[in-house]
Amino acid sequence: VTNVSKAVSERAALKSLEGIKFKLENSMLELTGYDLEIGIKTVIPVKSDDSGEFILNARLFAEMIRKMPSEEIEVSENFQVTISGGVTTFNIPATSAEEYPALPKKEEENKITISQPVLKDMINQTKFAVAVTDLKPVLKGELFEIENGTLTLVALDGYRLAVRYEPIKYDGSLKFVVPAKTLSEIAALLGENDEETSSVYLSKNHVVFELNGYLVYSRLIEGEFHPYKSAIPTTCTTEVIVDRKELIAALERSLILISDRTPSPARCYFENN
């Protein structure tokens, strides 16, 4: 419920999008959150011989589940939902799932498979450079570029450029831009086990990430991403090799004196080794 709620809008044009959609069938409960930009869906086993669909307010339901005194929870629905566990019972109204918009299809044709901890690192090591302004909307996402068996993630905001490469098993060439918000939610769901993989399914306007029992849907950002390769120098007049931990420690000591009210650059002087 907590993870699916991350894709639920607090204020949406469609009232149904302010809730989680529950779909019960064959003792499996499917939970879906969707705000037309990002969707998160998962399926969990439950004890039930019934079937049906309904929508509940995501915030209320999550709070009720969190405050329940018992480990096992019973939910009964007839458009007035009773949620009970131990000594506690809640009653909240449900709405019909008929108006809930359909999620995009998962296209098997363009499927990419990548290790979960690798994808998590790639996102976390580049997302800091994503633009936060609307001057060029395409820069509010990260570029996924696949060429010659290499996946490259690129983020830039006009001041900073972050590029991360990783070899993958994929023969073709692909290029698409995923919103930073989606990638933050995906990074939170990705695991640390090297043996676990995630699958990425690309369609014309959407991308679907499959990982740890979740499907995360996202629209793609349209537009031409900045030609980042031209911003990376191919030659240099000065090269410095430095201990990473020592450099970080030195910068952190310098940053004590820098604030929003007194922004100033950190100057680097190189002499006498």
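Residues numbered from 1 in each chain as written. Predicted model: local features only at pLDDT ≥ 70, side-chain atom pairs only at ≥ 80, totals over all residues. Heavy atoms only, no water.

**Student:** Would you mind going over the packing of helix 3 (residues 116-124) against helix 4 (residues 180-189) in detail, with residue names and values included?
**Tutor:** Contact pair helix 3 / helix 4: the axes reach a minimum separation of 9 Å and the direction vectors enclose 140 degrees. Between helix 3 and helix 4, the interaxial angle falls into the category oblique. Here helix 3 runs over helix 4; the crossing is left-handed. Contact residues: Q116, K120, I123 and N124 in helix 3; L183, I186, A187 and L189 in helix 4. Among the residues making up the contact of helix 3 with helix 4, the classes are represented as five nonpolar, two polar and one charged. (Axes fitted to C-alpha atoms, helices over the stretch in contact; angles between N-to-C directions. Helix = DSSP H or I, 4+ residues; strand = E, 2+ residues; numbered from the N terminus. Parallel < 35°, antiparallel > 145°, perpendicular 65-115°, else oblique. Left-handed = near helix turned anticlockwise from the far one by under 90°. Contact = heavy atoms within 4.5 Å. Nonpolar A, V, L, I, M, F, W, Y, C, P; charged D, E, K, R; others polar.)

**Student:** Account for the pairing of strand 6 (residues 80-85), with residues named and values stated.
**Tutor:** Only one face of strand 6 is covered, namely the face carrying V81, I83 and G85; the face carrying Q80, T82 and S84 is uncovered. Bridge count between strand 5 (residues 74-76) and strand 6: three bridges; the pairing is antiparallel. Bridging from a neighbouring strand, S76 pairs with T82 of strand 6. Counting the residues between successive antiparallel strands, the hairpin from strand 5 to strand 6 contains three residues, one of them, F79, with a positive phi of roughly 65 degrees. Looking at chain direction, strand 6 and strand 7 (residues 88-93) are connected through six bridges and run antiparallel. If you follow T82 over to strand 7, its bridge partner there is N91. Taking the residues that link successive antiparallel strands as the turn, the strand 6-strand 7 hairpin has two residues, and the phi of G86 there is positive, at about 65 degrees. (Buried < 20%, exposed > 50% of the residue type's maximum accessible area, 1.4 Å probe, protein only. Pairing = 2+ DSSP bridges.)

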